[in-house]
Amino acid sequence: NIQDPKLGVRQQVQPRVFRQMPQVGEHPSMELIRQLKDIPDERFAFKDWFTQVMSYMAMKDYDAAAADMILKVLILFAETSDLHRRYMAEFIRQSSFSEIFQTRMLRVFRGRIKHKKIANVIRHAGLLKMRLNEPFVLAWLELAIKYRDRKRMRHNPELFEKHRGLAGMQQQQLASIMLGFGELNLRPPNYFMEQWFDAFEREQHLTLGSSLAEMIWGLAVLGIEPDVAFVELWSDRFEYLCTQMLQKSRFDRYFLGIALWSLAK
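This section reports on the structure supplied with the text. Bear in mind that the values here come from a model prediction, so they are computed numbers and not experimental data.

**Concerning the nonpolar core**
Here is step 1 of the chain: If you look at the biggest cluster of nonpolar residues, it comprises 79 residues, and the most contacted ones within it are Leu 74, Met 88, Phe 97, Trp 140, Phe 192, Trp 196 and Phe 255.
Here is step 2 of the chain: Broken down by element, the residue count for this core peaks at 11 residues, all from helix 3 (residues 64–78).

**Here's the deal with a negative patch on the surface**
Here is step 1 of the chain: Together, Glu 194, Asp 198, Glu 201 and Asp 227 line one region of the surface with negative charge.
Here is step 2 of the chain: Structurally, Asp 227 can be placed in the loop between helix 11 (209–222) and helix 12 (228–248).
Here is step 3 of the chain: Relative accessible area serves as the criterion here: at 44%, Asp 227 is assigned to the partly exposed category.

**Regarding helix 9 (residues 171–184)**
Here is step 1 of the chain: Between its first and last C-alpha atoms helix 9 spans 20 Å; for 14 residues at 1.5 Å apiece the expected length is 20 Å, and the two agree.
Here is step 2 of the chain: Judged by how many residues are buried, helix 9 sits mostly within the fold: 12 of 14 residues are covered.
Here is step 3 of the chain: For helix 9, the set of buried residues is Gln 171, Gln 173, Leu 174, Ala 175, Ser 176, Ile 177, Met 178, Leu 179, Gly 180, Phe 181, Gly 182 and Leu 184.
Here is step 4 of the chain: The elements touched by buried residues of helix 9 are helix 6 (115–127), helix 7 (134–146), helix 10 (190–203) and helix 11.

**Details of the packing of helix 6 against helix 7**
Here is step 1 of the chain: Their axes nearest at 10 Å, the elements helix 6 and helix 7 cross at an angle of 150°. When the axes of helix 6 and helix 7 are compared, the pair comes out roughly antiparallel. As helix 6 packs across helix 7, the resulting crossing turns out to be left-handed. Contact residues: Ile 118, Val 121 and Ile 122 in helix 6; Phe 136, Trp 140, Leu 143 and Ala 144 in helix 7.

Conventions we followed
Residues numbered from 1 in each chain as written. Predicted model: local features only at pLDDT ≥ 70, side-chain atom pairs only at ≥ 80, totals over all residues. Heavy atoms only, no water. Core = buried A, V, L, I, M, F, W, Y, C linked by side-chain atoms within 4.5 Å. Buried < 20%, exposed > 50% of the residue type's maximum accessible area, 1.4 Å probe, protein only. Helix = DSSP H or I, 4+ residues; strand = E, 2+ residues; numbered from the N terminus. Patch = residues over 30% accessible without salt bridge, like charges linked within 9 Å, V, L, I, M, F, W, Y side chains within 5 Å. Areas by Shrake-Rupley, 256 points an atom, 1.4 Å probe, with all protein chains shown as cover. Salt bridge = Lys/Arg side-chain N within 4 Å of Asp/Glu carboxyl O. Lys, Arg positive; Asp, Glu negative; His and termini not counted. Charge placed at Lys NZ, Arg CZ, Asp CG, Glu CD. Expected span 1.5 Å × (residues − 1). Contact = heavy atoms within 4.5 Å. Axes fitted to C-alpha atoms, helices over the stretch in contact; angles between N-to-C directions. Parallel < 35°, antiparallel > 145°, perpendicular 65-115°, else oblique. Left-handed = near helix turned anticlockwise from the far one by under 90°.

What follows is the structure, encoded as structure tokens:
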């Protein structure tokens, strides 16, 4: 019982119960994978670094977040120097990493995974030039189309269909998918592309320059000819972004270079 200063009487107050916050170490695989960001500079240390990568994929708490982080640190390694890039290409080509990663991901796909990480799997696999097998690709396509964002659906049950798979993806994720398939030189089936074009139509007014370029680049590399409706929407957004750059005198060379090359192809 405590004295209430306003009422002058005693009231019984329940003690506060604080929700226990996550502590460091509760997700061991993520903690260890983050340590891989300390990229070794010397060649003699590369083998131990790659051995750690392989061992961390076998941890029991390995999930979508850990898988996403694994691919990110591999890309970080490859971007460190030309020497690192050559060793990474050799690691992907000669080791069993690609096969083990895909086997683990087939289990991860059955759990909770966000739209961003679904798209990142293909984007990062493409940037690393991984060898994707047919069962993995088919499982990913099914997940990308049918995945339900249960959290968003719980808040907006009336928008059930909007938050399913591709229909719930944002412009950055649509661009990541197309970039990844382009890097893999792997053409998605027509039923998938139909839904991808529908999703772009919804997101085109929000699309940024880099995403717009990656989308058209992937289509050009894969030899996919979009319909007139897509070309008009893409061109309108391209014109708008170019006008904005002219007004601000700030030019995005990445966006302009890739976009113009893709249009020419």
